[in-house]
Amino acid sequence: GLTALRGEAAQLPTLETQTNLLLAVCFRKRGDLDREQDALRLVLSRDATHVAARVGLAVSYLNAGRVGDAVREYEEAVRSPQAGLDTHAALLRRKMLEYRHAGRGEWAQLERVAADLATAYGVQSCEPTLLRAELAAARGDRAKGVAIL
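For the structure given in this document, a descriptive report is provided here.

In this section: the pattern of salt bridges. By the definition in use, this model includes 12 salt bridges. Across the pair R72 and D69 runs a salt bridge, and its minimum N-O distance is 2.4 Å. Taken as a pair, R72 and D69 lie in helix α5 (residues 67-78) at a separation of three residues, close to a single helical turn. For D69, a relative accessible area of 21% corresponds to the partly exposed category. With its nearest N and O atoms 3.0 Å apart, the salt bridge here joins E111 to R139. Within this pair, whereas E111 is found in helix α7 (residues 107-121), its partner R139 is found in the loop between α8 (127-138) and α9 (142-148), the two being separated by 28 residues in sequence.

Structure (structure tokens):
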């Protein structure tokens with residue numbers, strides 16, 4: 001199986017990365033979060049900037065209830081120039097939940113990030129507009145959220 005391929009793949013870094021990413025998916029589907037996280041950490045040990053592995057680890061941490069660890073992984077992922085809009089949006093939404101439940105937070109910074117995403121992606125995606133509307137609603141200003149939409 002894929003686990004046996006790991007040893008052979010060590011000579012081919014790209015194959016090793018793909019093998020570990022596929023193993024992580026298999027482990028997630030089996031509900032084996034520890035082994036999923038191990039496989040993703042193996043990818044990151046070879047390439048600390050691998051966005052897909054970083055995001056996969058964040059999702060695994062969320063599934064395990066390790067929200068703080070998940071946020072740290074998302075924060076690391078968005079530092080990469082290869083991080084896509086979906087990665088930025090996931091971090092922003094996670095922080096919105098955190099701030100709303102804690103009753104505090106740096107909302108202005110989240111609004112700046114959402115505005116920066118809107119500038120960066122323009123009309124290519126409706127996601128930044130949705131994020132801005134969600135932010136307004138999360139802060140309790142539903143009228144502003146509707147107006148943004």
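This part covers the nonpolar core. Ranked by size, the top nonpolar core spans 17 residues in total, and within it L21, A39, L40, A53, L57 and L91 carry the most contacts. Ignoring sequence-local partners within four residues, the contact set of L91 consists of V71, Y74, E75 and V78. In this structure, L85, W107, L135 and A138 belong to the second largest nonpolar core, which totals 12 residues.

Moving on: helix α3 (residues 33-46). Given a rise of 1.5 Å per residue, 14 residues ought to cover 20 Å, and the 20 Å separating the end C-alpha atoms of α3 matches this to within 8%. Among the residues making up α3, those that are buried are E36, Q37, A39, L40, V43 and L44. Taken around the axis of α3, the buried residues stretch over an arc of 160°, which confines them to a single face. Facing away from the buried side of α3, by more than 90 degrees, are the exposed residues D34, S45 and R46.

Thresholds applied
- Residues numbered from 1 in each chain as written.
- Predicted model: local features only at pLDDT ≥ 70, side-chain atom pairs only at ≥ 80, totals over all residues.
- Heavy atoms only, no water.
- Salt bridge = Lys/Arg side-chain N within 4 Å of Asp/Glu carboxyl O.
- Helix = DSSP H or I, 4+ residues; strand = E, 2+ residues; numbered from the N terminus.
- Buried < 20%, exposed > 50% of the residue type's maximum accessible area, 1.4 Å probe, protein only.
- Core = buried A, V, L, I, M, F, W, Y, C linked by side-chain atoms within 4.5 Å.
- Contact = heavy atoms within 4.5 Å.
- Expected span 1.5 Å × (residues − 1).
- Arc of directions from axis to C-beta.

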